[in-house]
Structure formats: structure tokens, C-alpha cells
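Residues per chain, in single letters:
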Amino acid sequence: RLLSVLRRRCDIAGKRLSGPGLAAEGRVLRAVLYVYHSRLLRHRPYLALQQVEQCLKRLWKMNLVGCLETLVELIPKKNASKAHAECLVPSQPMLETASLKVLGGCKLILRLLDCCCKAFLLTVKHLCSKEFILLNTVASGLLSRLWFVIQYRCVLQTLTSLYSALWTMLHLVSETQQTPYIKGFTFPSDISDFLGVNVSSEAKKQKAKMLITNKSTSWMKKLFPAMPEAVSKVGKKRKSETCTSAVKNQSIPCPVDIGETVV
């Protein structure tokens, strides 16, 4: 039963980590940093974006997905476990390695979420100052999407539940035969003690910070002030007149551009 639970949780964690959303946001982030590298070396939101990219890079380099795939291959399938009274289980060194990588992955994702939140608040602050409007608008959208992908797909929660299954299996295997691989480190029974924060409460705090910044009285009104009524009425009248004349005059070979020129 424990093996089937571990197998299922490894599969879920691997799929959520290797999903297209996280990889796509990482590629966009690298492209943005590459474009603005020579212009904004000392710009604070740009430096905050670099920290986000560094966390993502470290997460990919630790190859957590590959480790979980290897672990799944070592877990026997249901048919094999039913056919015999005894079955092979992953060794203690393999379980210790996977547990250590999951602990490191959780720490990195927590750091990534924190960097996303700080960088988002910085970009909005600089948008209010009307500095580098294009970059900061792109960056704020990118950071909010990246944060949302991790939270919506419950990547951190999936890894924490995977660690509890790993720790239970590791405890049973080490009781059967002691073959420790990682020495001088005690694997915590509760991952919250190792992370130092409660995962759900931390996510709620960050969400509250980002939502406060997104109120209707925020940077959008400062950047794009409301158009005076007289100007807006004139604009609407012109557009309606152009539309009417375009419909009446059927000899026009191509559609008329009824929009106003954008500087």
C-alpha cells in the first residue's frame, strides 16, 4: 500500500514540475532578461528578476524530475507485488537521495515564490514612478503568471505530501536493514519544521500582498488617467460617423480603419 502511494505521488509531482506552464514562463523570463541586459544593469526590478531566474535555474539543475522518475522505475508495479509474498523496494541510499532533493526543491520553490512577490511589488512601485513602463508592465504580468502557475498547480503542496510518503518508506526500510548513505543529517519527520514556515499560510500572505497592490486605485489609474467627458464624447461621435459612412459606401474595396492613431 505504501509503495503504491509513493508511486502515485512521485508521478503527480513529476508531472506538475515538468508541466508546460513553468517551463514556458522560464523561457519568457530568460528572453526578457536577455533583451534588457545591456540597458538596465542597475535597475532594481531587473535585479529582482535576475534572482527569480537564478532560483528557476537552480531548480532545473538539481534534476528533481529525473530523480523521481528513477525512483518510480525502482518501485514494483501492482501486478508484481500481488504475485509474490515479498517484493523489492527502493534501497535506503536511493530514498535518502530523493528525500534530500525534495527537501531542497521545497526550499528553492519557497525562495522562488518569495522572490516573485518581492520583484512584483518592485515593478509596480516603479510603474507608479513612470519608470521603464514597458519592461515593468511585461515583468509584472510575467511574475504574477509564474507565481500563479506554482500556486495553482500546487507544486509545493505536492512535494510536501511526497516527502511524508518518502519519510515513512525510508523509516521502514532503515529499520529492516541499516545502510545509510547520507551521514550527519537527520531527516525531519515534519517538513514544516525544516522549511520554517507553514506552506498554506505563507501562500495566503503572499497572495494578500499581491492583491493589495492590484486594487483599482493603484498604478493603472496613475498611468492612464480618465479621459475628460467632452473628449471621450467627441471620439465616440467620430467613430460612429466613420462606421456609418463606411457601411453606406459599399464601393470601398477594403475595410476602413476606424481606429484612432496610436503614437
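The name recorded for the protein in an unreviewed UniProt entry is NEPRO protein, from Eulacestoma nigropectus.

**Quick notes on helix 2 (residues 20-35)**
Taking 1.5 Å of rise per residue, 16 residues should cover 22 Å, and helix 2 covers 23 Å from first to last C-alpha, within 8% of that figure. The complete set of buried residues in helix 2 reads L22, E25, G26, L29, V32 and L33. Looking down the long axis of helix 2, one finds its buried residues gathered within 125 degrees of arc, a one-sided arrangement. Opposite the packed face of helix 2, turned more than 90 degrees from it, sit the exposed residues P20 and Y34. Those residues of helix 2 that are buried are in contact with helix 1 (2-17), helix 3 (44-61) and helix 7 (133-152).

**Some points on the packing of helix 3 against helix 6 (residues 92-128)**
Axis separation between helix 3 and helix 6 bottoms out at 9 Å; the angle between their running directions is 160 degrees. Taken together, the axes of helix 3 and helix 6 are roughly antiparallel relative to one another. Considering how the two elements wind past one another, helix 3 and helix 6 form a crossing that is left-handed. Residues R44, P45, A48, L49, Q51, V52, C55, L56, R58 and L59 of helix 3 form the contact with helix 6, whose own contacting residues are G105, L108, I109, R111, L112, C115, C116, A119, L122, T123, K125 and H126.

**Overview of the side chain of H126**
Among the structural elements, H126 can be located in helix 6. On the basis of relative accessibility, which here comes to 13%, the residue H126 falls in the buried class.

**Overview of the confidence of the model for the protein**
In this model, the protein carries an average pLDDT of 76, and 71% of its residues clear a pLDDT of 70 or more. For the protein, the element scoring lowest by mean pLDDT is helix 12 (residues 229-248), at 50; helix 4 (residues 64-74) scores highest, at 89.

**Some details on helix 3**
Here helix 3 is 18 residues long and its end C-alpha atoms lie 26 Å apart, about the 26 Å a rise of 1.5 Å per residue gives. Packing partners of the buried residues in helix 3 comprise helix 2, helix 6 and helix 7.

**Focus on the packing of helix 3 against helix 7**
Orientation of helix 3 relative to helix 7, taken along the N-to-C sense of each, is 30 degrees, at an axis distance of 11 Å. One way to sum up the angle between helix 3 and helix 7 is to call them roughly parallel. The way helix 3 lies across helix 7 gives a crossing that is left-handed. Taking contact as the criterion, the partners of P45, L49, V52 and L56 in helix 3 are, on helix 7, N136, A139, L143 and L146.

Each value, and the rule that gives it
- Residues numbered from 1 in each chain as written.
- Predicted model: local features only at pLDDT ≥ 70, side-chain atom pairs only at ≥ 80, totals over all residues.
- Heavy atoms only, no water.
- Helix = DSSP H or I, 4+ residues; strand = E, 2+ residues; numbered from the N terminus.
- Expected span 1.5 Å × (residues − 1).
- Buried < 20%, exposed > 50% of the residue type's maximum accessible area, 1.4 Å probe, protein only.
- Arc of directions from axis to C-beta.
- Contact = heavy atoms within 4.5 Å.
- Axes fitted to C-alpha atoms, helices over the stretch in contact; angles between N-to-C directions.
- Parallel < 35°, antiparallel > 145°, perpendicular 65-115°, else oblique.
- Left-handed = near helix turned anticlockwise from the far one by under 90°.
- pLDDT = per-residue confidence, 0-100.

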